[in-house]
Amino acid sequence: MIRKATIDDIKSIHALLKYYGAKGDLLARPLSRLYDHLRDFNVYEDEEAGRIVGCCALQFCWEDLAEVRSLAVMEPYMGKNIGTRLLETAFEEARQYKIKKLFTLTYRPDFFKKFGFIVIDKTELPIKIWADCIHCVKFPDCDETAMLKQIA
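In this text, all values refer to a predicted model and were calculated from it rather than measured experimentally.

S.K.: Provide a residue-level description of the overall build of the protein, including the pertinent values.
M.R.: Regarding its fold elements, the protein presents four helices and seven strands. If you list the helices and strands of the protein from N to C, you get β-α-α-β-β-β-α-β-α-β-β. In the protein, of all internal contacts separated by at least 6 residues, the share reaching a separation of at least 24 is 68%. As presented, the protein carries roughly 8600 Å² of accessible surface, and 53% of it is formed by carbon and sulfur atoms.

This is the structure in structure tokens:
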């Protein structure tokens, strides 16, 4: 089941992102930042197991631009379209807010290409989005791929 994240989900989201961050698959987020951005997150909850097994955030950047970030699914649940469903939920939420463009910074460009994202040069993104990057351990040597999707 996909739903908006609650305060009770933050530690599960943090653990999931920390796991994939340690593997180098995404950038982990500090716990305090997750609390700051709680309303950005949707989670996939395995109701039978009673735990969060996936998450995805949609962070608004500008009047027509938002970022898809922190998309992660626990390994035992991969291949069950949970990541796809979380991403499609982000698309729908973006449409509700009349967002026209979505971008992501990712280590998995092939996944996002399946959904119409195209690789762009990072310099095409507004300077405003780089505010978070200053806190990144990889700043200023970002090795993520920037991608953009136009949505209707």
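S.K.: Report on the sheet that holds strand S7 (residues 145-150), specifying residues and quantitative values.
M.R.: Within a sheet, adjacent strands bond to each other through the backbone by hydrogen bonds, running parallel or antiparallel. The strand order S1-S2-S3-S4-S5-S7-S6 describes an open sheet built from seven strands, whose pairing is mixed. Of all strands in the sheet, those with a lone pairing partner are strand S1 (2-4) and strand S6 (118-119), marking the two edges. Of the pairings in the sheet, the one linking strand S5 (residues 101-106) to S7 comprises six bridges and is antiparallel in character. Pairing of Thr 104 across the sheet is with Met 147, part of S7.

S.K.: A description of the environment of Glu 47 should follow, citing residues and the corresponding values.
M.R.: Its place among the elements puts Glu 47 in the loop between strand S2 (41-46) and strand S3 (51-62). Separated by 46 residues in sequence, Glu 47 and Met 1 have C-alpha atoms that sit 7.2 Å apart.

S.K.: Kindly report on helix H3 (residues 82-96), identifying the contributing residues and their values.
M.R.: An ideal rise of 1.5 Å per residue puts 21 Å on 15 residues; H3 measures up with 21 Å between its terminal C-alpha atoms. Residues of H3 that are buried include every one of Ile 82, Gly 83, Thr 84, Leu 86, Leu 87, Ala 90, Phe 91, Glu 93 and Ala 94, and no others. Within two residues after H3, Lys 98 carries a phi angle of roughly 60 degrees, on the positive side.

The rules behind each value
Numbering of residues starts from 1 in each chain and follows the order in which that chain's sequence is written. It should be noted that, the model being predicted, local features are given only for residues of pLDDT at least 70 and side-chain atom pairs only at 80 or more, the latter also being counted only at that level, while totals for whole chains, interfaces and linings use all residues. Only hydrogens and water are set aside when side-chain values are computed; all heavy atoms of the structure are taken into account. Strands are runs of DSSP state E lasting at least two residues, helices are runs of H or I lasting at least four, and both sets are numbered from the N terminus onward. Any two residues having at least one pair of non-hydrogen atoms within 4.5 Å are treated as being in contact. Accessible surface is estimated by sampling points in the Shrake-Rupley manner with a 1.4 Å probe; for residues, cover comes only from the protein chains shown. Being paired, for any two strands, means DSSP has found at least two bridges between them. Helices are assigned an expected span. That span is 1.5 Å times one less than the residue count. Throughout, exposure labels follow a simple rule: accessible area from a 1.4 Å probe, protein chains only, divided by the maximum for the residue type, with under 20% read as buried, over 50% as exposed, and the rest as partly exposed.

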